[in-house]
Amino acid sequence: MNECYYDKRMDFFYNKTKTDTADEWTGPQLIVVLCFGTFFCLFIFISNSLVIAAVVKNKRFHFPFYYLLANLAAADFFAGIAYVFLMFNTGPVSKTLTVNRWFLRQGLLDTSLTASLVNLLVIAVERHMSIMRMKIHSNLTKKRVTFLIISIWAIAIFMGAVPTLGWNCLCDITVCSSLAPIYSRSYLVFWSVLNLVVFFIMVVVYIRIYMYVQRKTNVLSSHTSGSISRRRTPVKLMKTVMTVLGAFVVCWTPGLVVLLLDGLNCTYCGIQNVKRWFLLLALLNSVMNPIIYSYKDDEMWGTMKRMIFCSSEDKSQDRRSSRIPSTVLCRSTDTSGHYTEDGIIQGTICGKGDLGDKGNS
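Given the structure is predicted, the values throughout are model-derived calculations rather than measurements.

How each quantity is defined
Per chain, the residues get numbers from 1 upward, laid out in the order the sequence is written. Selection of residues for local features in this predicted model requires a pLDDT of at least 70, selection of side-chain atom pairs for listing and counting requires 80 or more, and totals for whole chains, interfaces and linings are taken over all residues. Side-chain figures throughout are based on the complete set of non-hydrogen atoms in the structure, without hydrogens or water. The numbering of helices and of strands both runs from the N terminus, where a helix is a DSSP run of H or I of at least 4 residues and a strand a run of E of at least 2. Three exposure classes are used, based on accessible area relative to the maximum for each residue type with a 1.4 Å probe and protein chains only: buried under 20%, partly exposed in between, and exposed over 50%. Contact between two residues is taken to exist if any of their heavy atoms lie within 4.5 Å; hydrogens are not considered. Patch building starts from residues that exceed 30% relative accessible area and form no salt bridge, then joins like charges within 9 Å and nonpolar side chains (Val, Leu, Ile, Met, Phe, Trp, Tyr) within 5 Å. Using a 1.4 Å probe, the Shrake-Rupley method yields the accessible areas, and only the shown protein chains count as cover for residues. Salt bridge, as used here: a side-chain nitrogen of Lys or Arg that lies within 4 Å of a carboxyl oxygen of Asp or Glu. The disulfide criterion used throughout: a pair of cysteine sulfur atoms within 2.5 Å. Helix span is expected to be 1.5 Å times the residue number reduced by one. Between the rings of Phe, Tyr and Trp (Trp by its six-membered ring), a pair exists once the centres lie within 6.5 Å; its type follows the angle of the planes, with under 30 degrees stacked, over 60 edge-to-face, and the other angles tilted. Under this definition, polar contacts are N or O atom pairs within 3.5 Å; protein pairs additionally need one hydrogen-donor-capable and one acceptor-capable atom, and for neighbouring residues in sequence, both atoms have to be side-chain atoms. Under this scheme, a helix contributes an axis fitted over its contacting stretch, all axes are lines through C-alpha atoms, and angles between N-to-C directions fall in the 0 to 180 degree range. Here is the rule for handedness: rotate from the far helix to the near one, and if that takes an anticlockwise turn smaller than a right angle the crossing is left-handed, while a clockwise turn gives right-handed. Here the nonpolar group is Ala, Val, Leu, Ile, Met, Phe, Trp, Tyr, Cys and Pro; Asp, Glu, Lys and Arg are the charged ones; every other residue, Gly included, is treated as polar.

**A few points about the overall build of the protein chain**
(1) Moving on: When you go through the protein chain residue by residue, the secondary structure sums to 12 helices and two strands.
(2) Moving on: Reading the helices (α) and strands (β) of the protein chain from amino to carboxyl end gives α-α-α-α-α-α-α-α-α-α-α-β-β-α.
(3) Moving on: In the protein chain, buried positions account for 46% of the 361 residues.
(4) Moving on: Considering only contacts in the protein chain between residues 6 or more positions apart, those separated by 24 or more positions represent 75%.

Spelled out as structure tokens, the structure:
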């Protein structure tokens, strides 16, 4: 029977796997990594907090899609917490950690990745439900959206705890990986392949949905009246989601490939030399998302700007930038509690002058 090493500190496992954490995390390189990491984390906390606050404050965002978008911002905020914890428990400090503290450090990172990934999957389902009916938003009730958000975090927490629950190499150090000295190589292969496959599936699904929307919009545009911006609204919303997905895939794929190579025990791939830079690239994803939201959605940017400068909504109501106009939907609730759409209004509040504006368009 193999001996288990639950009471050992991490220096024991780093020595067994011949992983040196001191030389590569000292001097100018360490200063650069910590400076960038600190700046990115501060930006992540502030920007994603603004996104969540914008969705809560602005009633125009009280739709399933924006609730899920706010949850994605919450996942990015959680990623910032995970990176802060990592910065204080990495480098030479890694060897002094207990097994449980090291599991916590990695579990936070795995949880943040899973939360973002599952959230994007749920958004894909929500987009599919709405787009197939040629609506801007789906008919999900608030209870269902709440259940989905709770499920996303339940799955994320479980996946982050899987190594702690037993899929590790504490009782068989011959299968320990190099990048994660107490993770078994089989788990790294499973983890990386699973995420890469989901990445591929999501890209295919989103491309198919986008092509469907584009095709339907072109067909309907020749048979319907109204402004071009209104007819192209579904396309614009899909472009926003696809931009978020593209940034996610680009930022996380290199790190997952490195984990896969480590799981396959590639000793000549030089993964130790690039791991920290790919980690910074993954961190960059949580920085990019709030920028994408604000750039692609004029209403989101306007709400965030008003909160930053503490200006009143009334004074800024009519200030519209020259960027892509935001889609504002009239929302009502039917007897079953579903969201319904009465129309698409550009730059007006539903219920105030809708008929006049629509008649003039």
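**Examining a nonpolar patch on the surface**
(1) Moving on: On the surface, Val193, Val197, Phe200, Ile201, Val204 and Val205 cluster together to form a nonpolar patch covering roughly 480 Å² of accessible area.
(2) Moving on: Among the secondary structure elements, valine 205 is positioned in helix 6 (residues 185-221).
(3) Moving on: Classification of valine 205 as partly exposed rests on a relative accessible area of 31%.

**Quick look at the state of the cysteines**
(1) Moving on: Applying the stated criterion to the full structure yields two disulfides.
(2) Moving on: The partner cysteine of cysteine 4 in its disulfide is cysteine 171, sulfur to sulfur 1.9 Å. Between cysteine 4 and cysteine 171, the S-S torsion sits near 105 degrees, and that sign places the bridge as right-handed. Separated by 167 residues along the polypeptide, cysteine 4 in the segment before helix 1 (10-16) and cysteine 171 in the loop between helix 5 (142-165) and helix 6 bring together distant segments of the chain.
(3) Moving on: Cysteine 4 gets classed as partly exposed once you look at its relative accessible area, which sits at 29%.
(4) Moving on: Since its relative accessible area comes to 23%, cysteine 171 is described here as partly exposed.
(5) Moving on: What pairs with cysteine 169 in a disulfide is cysteine 176, and their sulfur atoms sit 2.0 Å apart. Disulfide cysteine 169-cysteine 176: torsion about the S-S bond near 105 degrees, hence right-handed. An identical accessibility class is assigned to cysteine 169 and cysteine 176; each is buried.

**Section: helix 10 (residues 298-309)**
At 3.6 residues per turn, the α-helix brings residues three or four places apart onto the same side.
(1) Moving on: With 12 residues, helix 10 extends 16 Å between its outermost C-alpha atoms, agreeing within 8% with the 16 Å of an ideal straight helix rising 1.5 Å per residue.
(2) Moving on: Within the sequence span of helix 10, burial applies to Asp298, Glu299, Met300, Gly302, Thr303, Met304, Arg306 and Met307.
(3) Moving on: Cysteine 310 lies just past helix 10 and shows a positive phi near 55 degrees.

**Brief notes about the packing of aromatic side chains**
(1) Moving on: In total, this model carries 16 aromatic pairs according to the counting rule given.
(2) Moving on: Judged by centre distance (5.2 Å) and plane angle (85 degrees), the rings of phenylalanine 12 and phenylalanine 13 are edge-to-face.
(3) Moving on: On the basis of relative accessible area, phenylalanine 13 is assigned to the buried category, the value being 1%.
(4) Moving on: Taken together, Trp102, Phe103, Trp167, Tyr183, Tyr187, Phe190 and Trp191 form an aromatic cluster joined through their ring pairs.

**Observations concerning the side chain of arginine 60**
(1) Moving on: By the secondary structure assignment, arginine 60 is in the loop between helix 2 (27-57) and helix 3 (64-87).
(2) Moving on: With relative accessibility at 12%, the residue arginine 60 sits in the buried group.
(3) Moving on: Within polar-contact distance, the side chain of arginine 60 engages the side chain of glutamate 299 at 3.2 Å.

**Side note on the packing of helix 4 (residues 99-131) against helix 5**
What describes two packed helices is the angle between their axes and the distance between those same axes.
(1) Moving on: Running from N to C, helix 4 and helix 5 cross one another at 145 degrees; their axes reach a closest spacing of 8 Å. Of the two elements, helix 4 crosses helix 5, and the hand of that crossing is right-handed. Within the contact between the two elements, helix 4 uses Phe103, Gly107, Asp110, Thr111, Thr114, Ala115, Val118, Asn119 and Val122 and helix 5 uses Leu148, Ile152, Trp153, Ile155, Ala156, Ile157, Met159, Gly160, Pro163 and Thr164.
(2) Moving on: Tallied by class, the residues present in the contact of helix 4 with helix 5 amount to 12 nonpolar, six polar and one charged.

**Describing helix 3**
(1) Moving on: Compared with an ideal rise of 1.5 Å per residue, which puts 24 residues at 34 Å, helix 3 spans 35 Å between its outermost C-alpha atoms and is within 8% of the ideal.
(2) Moving on: Extensive coverage of helix 3 is indicated by the burial of 17 of its 24 residues.

**Remarks on the pattern of salt bridges**
(1) Moving on: Applying the stated rule across the entire model yields one salt bridge.
(2) Moving on: Arginine 60 serves as the salt-bridge partner of glutamate 299, at 3.2 Å between the closest nitrogen and oxygen. Remark: arginine 60 occurs in the loop between helix 2 and helix 3 and glutamate 299 occurs in helix 10; sequence separation between them is 239 residues.

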